[in-house]
Amino acid sequence: MAESRDLLVEIEALGEKIAEARQAVGRRFIGQERVVELSLSALLCGGHGLLVGLPGMGKTMLVDTLGTVMGLTSGRVQFTPDLMPADILGSEVLETAADGTRSFRFIEGPVFCQLLMADEINRASPRTQSALLQAMQEREVTIAGVHRPLPKPFHVLATQNPIEQEGTYPLPEAQLDRFLVQIDVDYPDRATERDILLATTGVEAATSPRIFSADELIAAQMTVRRMPVGEKVLELILDLVRACRPGETEAGRAVSESVAWGPGPRAAQALMLTVRARALLSGRLAPSAEDVLALARPVLSHRMALSFAARARGESLGAIIEGVARDVTRAEAA
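Reading guide: rules and limits
Residues numbered from 1 in each chain as written. Predicted model: local features only at pLDDT ≥ 70, side-chain atom pairs only at ≥ 80, totals over all residues. Heavy atoms only, no water. Pairing = 2+ DSSP bridges. Helix = DSSP H or I, 4+ residues; strand = E, 2+ residues; numbered from the N terminus. Core = buried A, V, L, I, M, F, W, Y, C linked by side-chain atoms within 4.5 Å. Buried < 20%, exposed > 50% of the residue type's maximum accessible area, 1.4 Å probe, protein only. Expected span 1.5 Å × (residues − 1). Arc of directions from axis to C-beta. Polar contact = N/O pair within 3.5 Å; in protein donor to acceptor, adjacent residues only side chain to side chain. Phe/Tyr/Trp six-rings, centres within 6.5 Å; stacked < 30°, edge-to-face > 60°. Lys NZ or Arg CZ within 6 Å of the ring centre and 35° of its normal. Salt bridge = Lys/Arg side-chain N within 4 Å of Asp/Glu carboxyl O.

### Quick notes on the pairing of strand β4 (residues 102-108)
The pairing of strand β3 (residues 90-96) with β4 spans seven bridges and is antiparallel. Paired with V93 across the strands is R105, a residue of β4. What sits between the antiparallel neighbours β3 and β4 is a turn of five residues, in which G100 has the positive phi angle 90°.

### Here's the deal with the nonpolar core
In terms of nonpolar packing, the biggest core is built from 72 residues, with L44, M70 and L240 touching the most fellow members. The element that contributes the greatest number of residues to this core is helix α11 (residues 265-281), accounting for 10 residues. Counting residues in hydrophobic clusters, the runner-up holds 29 residues, among them F79, L89, I143 and L150.

### A word on helix α9 (residues 231-243)
In this model, α9 (13 residues) spans 18 Å end to end at C-alpha, consistent with the 18 Å of a helix rising 1.5 Å per residue. Within α9, the full set of buried residues consists of V233, L236, I237, L240, V241 and A243. Projection of α9 onto a plane perpendicular to its axis shows the buried side chains occupying an angular sector of 165°, all on one side.

### Quick word on the environment of S41
Note that S41 resides in helix α2 (residues 33-44). Accessibility expressed as a relative area gives 2% for S41, which makes it buried. Through-space distance from the C-alpha of S41 to that of Y169 is 28 Å; in sequence the pair is 128 residues apart. At a separation of 2.8 Å, a polar atom in the side chain of S41 contacts the main-chain carbonyl oxygen of E37.

### Here we look at the packing of aromatic side chains
One pass over the structure, following the stated rule, counts one aromatic pair. Seen from their ring centres, F106 and F112 are 5.8 Å apart, and the 70° between their planes marks the pair as edge-to-face. Both residues of the pair, F106 and F112, belong to the buried class. Against the face of F212 rests K17, its NZ or CZ located 5.1 Å from the ring centre. The residue whose ring lies beneath R148 is F106, and the NZ or CZ to ring-centre distance is 4.0 Å.

### Some points on the pattern of salt bridges
Within this structure, the stated rule accounts for 20 salt bridges. As a salt-bridge pair, R76 and D119 come within 2.5 Å of each other at their nearest N and O atoms. Taken together, the residues R76 in strand β2 (residues 74-78) and D119 in strand β5 (residues 115-119) connect sequence positions 43 residues apart. A residue is classified by how much of its surface remains accessible, and D119, at 9% relative accessible area, is buried. A single salt-bridge network, built from bridges that share partners, covers R22, E33, R34, E37, R278, R284, E290 and D291.

### Looking at the environment of D82
Mapped onto the fold, D82 is located in the loop between β2 and α4 (85-89). C-alpha separation for the pair D82 and T128, spaced 46 residues apart in sequence, amounts to 9.2 Å. Here the side chain of D82 touches T80 through a polar contact of 2.6 Å, side chain to side chain.

Below, the structure is given as structure tokens:
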């Protein structure tokens, strides 16, 4: 009982601090509450996020603001087709000392930070993409046979340019699974765009204070993992993930006819983590079915693929996922 009370107090205190951080982010990155929520969820879960949106939507400002508010050292890499793995991981250089002796010295690449913005990751070659994706998964890099751990915590928020195909290398579907969530950055509504114009075209730019430190974020990630998840929510996550796999008995007609392949167990793990983070961001002590429904598309959309026939018919993967999530939620409630 004492442990439960301590955890309850810890979750409540973290919820208040997260609300403060969310408000601080909103001082610079105006509106787009859904984008901020998913980005903070990725950080609270210790994962990476894939930001997908048109140029000029404020993605760079969002990552920069998150680095400031969460107290993380940040870096940025602008990906281009000629970028090499050493350009992001680092390399050894041969140096000559004053006495004439020579030795190798390792120069760290921009990946050695706590929050990395990988800008337009689909412009890099597959070789460079794989180097970053391996660092994301292993939290370390290997240069000249030496394993070098990355700082803790380590997060990547990558952006993809969805409008250009020439000179780009789309991430392989299997590699997309390394991102905890896909965050779609859409056009702001009229009121939000008006606020953006007034806030960003004046003499003074808005600033955001630091709310967290790196150590506090690591502690918050452990608290999120300790949050209780009810049996009904757990079963709902399993039902949803399995219903999105063609060939499973739980799959409906829409999935069986239109989905080429579905999400694996990592998708269920991602949902188990992100529903806790969303509950925390909403000021609740435990996740609910509403959280599973809200996170179905961001967690599953980059872990599934439409069949060729479904793409030819103009079907939307997001619409299929949302339909399956609604059906599963209604069946669970019944």
